Number of protein chains: 2
Amino acid sequence: MGFECAKNNAILSKLATNEEHGENSPYFDGWKAYDNDPFHPLKNPNGVIQMGLAENQLCFDLIEEWIKRNPKASICSNEGIKSFKAIANFQDYHGLPEFRRAIAKFMEKTRGGRVRFDPERVVMAGGATGANESIIFCLADPGDAFLVPSPYYPAFNRDLRWRTGVQLIPIHCESSNNFQITAKAVKEAYENAQKSNIKVKGLILTNPSNPLGTTLDKHTLKSLLNFTNQHNLHLVCDEIYAATVFDMPQFVSIAEILEDNEMSHCNKDLVHIVYSLSKDMGLPGFRIGIIYSFNDAVVSCARKMSSFGLVSTQTQHFLAAMLNDEKFVVNYLAESARRLANRHKHFTNGLEEVGITCLKNNAGLFCWMDLRKLLRDSTFDSEMSLWRVIINDVKLNVSPGSSFDCQEPGWFRVCFANMDDGTVDIALARIRRFVGVKKSGDESNAMEKKQQWKKNNLRLSFSKRMYDESVLSPLSSPIPHSPLVR
Amino acid sequence: MGFECAKNNAILSKLATNEEHGENSPYFDGWKAYDNDPFHPLKNPNGVIQMGLAENQLCFDLIEEWIKRNPKASICSNEGIKSFKAIANFQDYHGLPEFRRAIAKFMEKTRGGRVRFDPERVVMAGGATGANESIIFCLADPGDAFLVPSPYYPAFNRDLRWRTGVQLIPIHCESSNNFQITAKAVKEAYENAQKSNIKVKGLILTNPSNPLGTTLDKHTLKSLLNFTNQHNLHLVCDEIYAATVFDMPQFVSIAEILEDNEMSHCNKDLVHIVYSLSKDMGLPGFRIGIIYSFNDAVVSCARKMSSFGLVSTQTQHFLAAMLNDEKFVVNYLAESARRLANRHKHFTNGLEEVGITCLKNNAGLFCWMDLRKLLRDSTFDSEMSLWRVIINDVKLNVSPGSSFDCQEPGWFRVCFANMDDGTVDIALARIRRFVGVKKSGDESNAMEKKQQWKKNNLRLSFSKRMYDESVLSPLSSPIPHSPLVR
């Protein structure tokens, strides 16, 4: 428009807060590399395979079969249309009672039936994204901080911080003890914050972990609950991967820990669960975010906030029918775990055959792959260089550890549940070829490649907070695309 | 729990910010009166008739017929299931391209085809509630203020202020000139804010107006645009009632004004539209909120914020199919306007027969009813007393003007499109009987009633900001219920 508009500076500064290094980041180009050249088995067999998306695509057939048997669950079908008016017109922020019941029951099933969830405490939000933001809005004021074990989900930087003004303080976990959360690291992070006069309001746990794919054991959970309780901190447990546990040890929810006799001294009012169906049922498009709090005031406050991100009643109605079908749910959860276990085994065995190991994991839709041996040197610049080779030459879009605030270069998250068997095998073949080339000692070739990276005009600088998923979606792209890391 | 928890005070204070007089408000009891005794033609013919909900229930038959002809539009039907996986898995915050195209086309149709909307500027949000909050988050910082002509939609106090920390400054409109927005009142509100060192960021217009049901004429729109442009203020136009215009003059969108040659000097970057399908299509449960901005940076910022309140892709897919059916849309809009006009005429004629007049209106799902003559005296206490009689004795749940920040006691918003013909007639009969009693001069009876109100142990105090819709939903109610004012 060519107008001078001082007020627009405010908007641009808001955008900048969100984007930080944003679309100038080296990842953005990597992302474009995928967007411009996506793999297709027939149309583009040499394209980039997307292994950066934590999507659960292994069990759509089960859901589709259920739909065929239950057309009445859709209010937009001839069979279900009698409910259209009442459902389309329903906008109470408590949600459909049958939906809340179904969610509570599903949460019980995904936690092995060892704990009860009260439908009256189930609060809706717009996906886990909205749920995460809302719980922070409920618990904290701008400037307050939450501790979060790192590596952690990159979009926490947007979801938890952007509009709330809250800070995140990482609790650094290390490969030397398999990235476990130690009491020492928690204490250090908390005390450092105190020394800096930062008001710590709570701790956020992702269990099962994204990106590690591991579950927290009872001992660690109890120790963390004791710590937060002792310091009067909130404990927010993001359990959105609960049903992706495919191997022993079984998943332990914070809800179970709260019922343990040993923990009866703990203040339940400080404990909150974030849940979702995006991962466990593979339905990210449906935007089911849940806050389940043991604190009445938080339930009430979050419920009022849910007006900003209610779930479409069309979707509530459909899911209520499906998730209240106990036989379906039991079978779905068992079959989904079985398929994830098989896929995980097949993929990690393939990696092991070429000498690549992953952190041992029993959950999630991904592995935490150790490529430290392939780095030129132990720096994040090297990690970025390797990442560029993987995306541009090996043609796999994986996510570098730095995007998860991992403090050790050389770790990569690789997703394995967003593709079919054939694509997994092609990905494994590409890795095999790549590692073969690396190992064959074709030094001249390797040197040539190194030179090529250096000539690359892209800055390989590193910023720990720049890999927000929202940063990575080119606005101008005409085709729908997905963020790098989910 | 019995625990002392200092941190919980923060949550309680947040709740208090939202609730203000909240569940202790006299309205809460009125609301309970409806919830405990809802009208049903057979089961509870003497129950309270809900006339406080701006719902559009007159055209569900047209939508249902379309669904029967188009079962493929549902991904949860046998006919549409082939799209299930792709749609359920889609979570791009740009939304389905066909959905944005459909929304842009629908917005054009509801504005008489006199202006084009660019699908690339259509940004999703969680209902108008989420859209309103997001646009404020984009444009303002905590402490900043927006001017808003009063009477205005009560939930603005929550949607625009609660989590953003922004203030609303009313521009008072008066019955003496039919509640028109005068240049003088705008200037006064702006200058008073300046004097108080409040940073005014913009002006929010609701056109067509809720609660007035009137549309703004070109002259007023141009004058307001000139004012905001001159002071470098944002102009946010809430046009969620665009398609409820049922009589002349026709609706004029701010988008049309921007294209007027006379206004070419204006900075388009300062203009933004909020839209929704909750009122125009009667689909509040589907949570379709839209931000349409003429400012690229706002589009980009709002799009990133839409992650907190995306529309379910199940719903996007369904609406894309329906709203891209041009023949259906043209017929729906014409028929909906015709039915609203008939209902409005029938209802206002009924009121006129007993001497009750309304502000002349050509839009909306309600009338702005003038009951000043029925007040004991011209105070808000009297308005509350009359409101209590109307809900408890006449058994109609209408909304008092004070809840809309109206400065003159005696006005009430009465919704007429959330019920069938028979219920309207029963409501009219009750009003006729009530006014008859009032007029019959049965003074002893009237006196008796007055005493009864005074004995009532409920405080009838008045606060202009307490009628947030969220305040009015009893948390403990086992049945789904809706807020008092929408």
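Quick caveat: nothing in here was measured; it's all calculated off a predicted structure.

**Some details on unusual backbone geometry**
All names here are of chain B. A cis amide bond, omega 0°, links Asn207 with the succeeding residue Pro208. With an omega of 25°, the peptide bond running from Asn210 to Pro211 counts as cis. Note on placement: Pro211 falls in the loop between β5 (200–206) and α9 (218–230). Despite not being glycine, Phe179 shows a phi value in the positive range, around 60°. Mapped onto the elements of the fold, Phe179 is located in the loop between β4 (167–172) and α8 (183–195). Judged by relative accessible area, which is 3%, Phe179 ranks as buried.

**Focus: the environment of Lys304(B)**
Residue position: Lys304(B) is located in helix α11 (residues 296–305). The sequence separation of Lys304(B) and Ser83(B) amounts to 221 residues, and the corresponding C-alpha distance is 26 Å.

**Regarding the pattern of salt bridges**
By the definition in use, this model includes 42 salt bridges over all chains. Here Asp159(A) ties to Arg158(A) by a salt bridge, and the two come within 2.7 Å at their closest N and O atoms. In terms of burial, Asp159(A) and Arg158(A) fall into one category: buried. Among the salt bridges present, the one from Asp37(B) reaches Lys395(B), with a minimum N-O distance of 2.9 Å. With Asp37(B) in the loop between α2 (26–36) and β1 (49–50) and Lys395(B) in the loop between α14 (380–394) and β11 (396–397), this residue pair connects regions lying 358 residues apart in the sequence. Taking relative accessible area as the criterion, Lys395(B) reaches 24% and is therefore assigned partly exposed. When salt bridges that share partners are traced, they join Asp61(A), Glu335(A), Arg338(A) and Arg339(A) into one network.

**Topic: the environment of Arg111(B)**
All names here are of chain B. Note that Arg111 resides in the loop between α5 (97–110) and β2 (122–126). For Arg111, a relative accessible area of 0% gives the class buried. Each C-alpha atom, one on Arg111 and one on Met248, is 13 Å from the other, the two residues being 137 residues apart in sequence. Aside from chain neighbours lying at most four places away, what touches Arg111 is Phe117, Glu239, Ala242, Phe251, Ser253, Glu256 and Tyr275.

**Side note on the domain arrangement of chain A**
Residue and element names in this part refer to chain A. When the domains of chain A are assigned, the result is domain 1 (21–60 + 333–440) and domain 2 (71–330). Its C-alpha centre places domain 1 at a distance of 27 Å from the equivalent point of domain 2. Listed by partner, the interface residues are 28 residues for domain 1 and 37 residues for domain 2. Interface area for domain 1 against domain 2, summed over the two sides, is near 2600 Å², with a carbon-plus-sulfur share of 61%. Across the contact surface, domain 1 and domain 2 share 0 salt bridges. Counting the contacts that link domain 1 with domain 2 gives 17 residue pairs in polar contact (both at pLDDT 80 or more). Within the residue set of the side of domain 1 that touches domain 2, elements represented by two or more residues are α13 (326–353), β10 (366–370) and β13 (411–415). In terms of residue count, the dominant contributor to the side of domain 1 that touches domain 2 is α13 (6 residues). The residue makeup of the side of domain 1 that touches domain 2, split by class, is 16 nonpolar, 7 polar and 5 charged.

**Description of the UniProt feature "domain: Aminotransferase class I/classII large" (unreviewed entry) in chain A**
Cross-referencing UniProt, the feature "domain: Aminotransferase class I/classII large" (unreviewed entry) maps to residues 49–431 of chain A in the present numbering. Summarising residues 49–431 of chain A: 40% helix, 15% strand, and an end-to-end C-alpha distance of 12 Å.

Conventions we followed
- Residues numbered from 1 in each chain as written.
- Chains lettered and ligands numbered in written order.
- Predicted model: local features only at pLDDT ≥ 70, side-chain atom pairs only at ≥ 80, totals over all residues.
- Heavy atoms only, no water.
- Helix = DSSP H or I, 4+ residues; strand = E, 2+ residues; numbered from the N terminus.
- Buried < 20%, exposed > 50% of the residue type's maximum accessible area, 1.4 Å probe, protein only.
- Salt bridge = Lys/Arg side-chain N within 4 Å of Asp/Glu carboxyl O.
- Contact = heavy atoms within 4.5 Å.
- Domains from an automatic or database assignment.
- Buried area = accessible area lost by both parts, 1.4 Å probe.
- Polar contact = N/O pair within 3.5 Å; in protein donor to acceptor, adjacent residues only side chain to side chain.
- Nonpolar A, V, L, I, M, F, W, Y, C, P; charged D, E, K, R; others polar.
- UniProt positions renumbered as here; feature names shortened; annotations may be inferred.

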